[in-house]
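Listed here are the chains, written in short residue letters.
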Amino acid sequence: KMLKHSLSAEDGTKQLPWLREQLSSSKATWKFVVGHHPVTTSGSHAVEEADLIQDFRSKLHPILQSEGVAAYFCGHDHDLQNLKLDDVEYVVSGAGSKVRVLGPPGDGALFGVNQQGYILAKLNANTLHLRYFNYYGGFLYDRRIQNRT
């Protein structure tokens, strides 16, 4: 029997305090968090999993915001997106396989496209430079993010 994995199956009672502690004690120049599920999205899951995403956001976003996280990277939605809530950038790169139709613009939507593609990231002490490309290497979008720490 195949079990469907979802956000509701995650045990945040241990993971979220652990994440807050790790971020709080970090002396890193940049703080990034990588996860599977989006915190905000314009992808197909914005409608399909709206309640789960809202619940996830209500628990995770305040931690990312208060602990100085510059960006949260994820997949799950099969598209390319850039969104921003408060001071946290949300980068979705799940377009390495079959893409899905975008849903309505998610909270903080800056860019979204339902094309296969990838993101090239370049980092220095002050700036994270994200460049979005389609499957054929064609340029799609450019974003520069300043360090929050």
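Note that the structure is a prediction, hence the values are computed from the model and not measured. Residue positions are counted from 1 within each chain, in the order its sequence is given. Two thresholds apply to this predicted model, a pLDDT of at least 70 for residue-level local features and 80 or more for giving and counting side-chain atom pairs, whereas whole-chain, interface and lining totals are computed over all residues. Side-chain descriptors were evaluated using all non-hydrogen atoms of the structure, hydrogens and water having been removed beforehand.

Peer 1: Sorry if this is basic, but what is going on with the overall build of the protein here?
Peer 2: Per the secondary structure count, the protein includes three helices and eight strands. For helices the rule is a DSSP run of H or I covering at least 4 residues; for strands it is a run of E covering at least 2, with both sets numbered from the N terminus onward. Mapped from its N terminus to its C terminus, the protein presents α and β elements in the order α-β-α-α-β-β-β-β-β-β-β. Against the 2.2 N^0.38 benchmark of 15 Å for 149 residues, the protein shows a C-alpha radius of gyration of 15 Å, consistent with a compact globule. A principal-axis box enclosing the C-alpha atoms of the protein has dimensions of 45 × 40 × 25 Å. Type-normalised accessible area, obtained with a 1.4 Å probe on protein chains alone, sets the label of each residue: buried when under 20%, exposed when over 50%, and partly exposed for intermediate values. Counting only residues that meet the buried cut, the protein has 42% of its 149 residues in that class. C-alpha atoms define the radius of gyration, and 2.2 Å times the number of residues to the power 0.38 defines the globule rule.

Peer 1: Whenever I open this one, the sheet that holds strand β7 (residues 127-134) confuses me. Can you help?
Peer 2: Either a parallel or an antiparallel arrangement is found when strands of a sheet pair, and the pairing is made through backbone hydrogen bonds. If DSSP finds at least two bridges between two strands, the strands pair. Overall, antiparallel pairing links the three strands, which are arranged β6-β7-β8 in an open sheet. The open sheet is flanked by β6 (117-123) and β8 (139-146), the only strands paired with a single partner. Across this sheet, the average inter-strand angle for adjacent strands is 15 degrees, counted without regard to direction. Pairing between β7 and β8: seven bridges, direction antiparallel. Bridge pairing links His 129 to Arg 144 in β8. Axes, fitted as lines to C-alpha atoms, cover a helix only where it is in contact. Angles between the N-to-C directions of the axes lie from 0 to 180 degrees.

Peer 1: How should the packing of helix α1 (residues 12-25) against helix α3 (residues 50-66) be read in this particular structure?
Peer 2: Each pair of packed helices can be described by the angle between their axes along with the distance between the axes. With their axes 10 Å apart at the nearest point, α1 and α3 run at an angle of 10 degrees to one another. In terms of their interaxial angle, α1 and α3 are classed as roughly parallel. Contacts from Leu 16, Leu 19, Arg 20 and Leu 23 of α1 reach α3 at Lys 59, Leu 60, Ile 63, Leu 64 and Ser 66. As a working rule, the residues Ala, Val, Leu, Ile, Met, Phe, Trp, Tyr, Cys and Pro are called nonpolar, Asp, Glu, Lys and Arg charged, and the rest polar, with Gly in that last group. The class makeup of the residues in the contact of α1 with α3 is six nonpolar, one polar and two charged. We call two directions roughly parallel when the angle between them is under 35 degrees, roughly antiparallel when it is over 145, roughly perpendicular when it lies between 65 and 115, and oblique otherwise. What makes two residues a contact is simply this: any of their non-hydrogen atoms within 4.5 Å.

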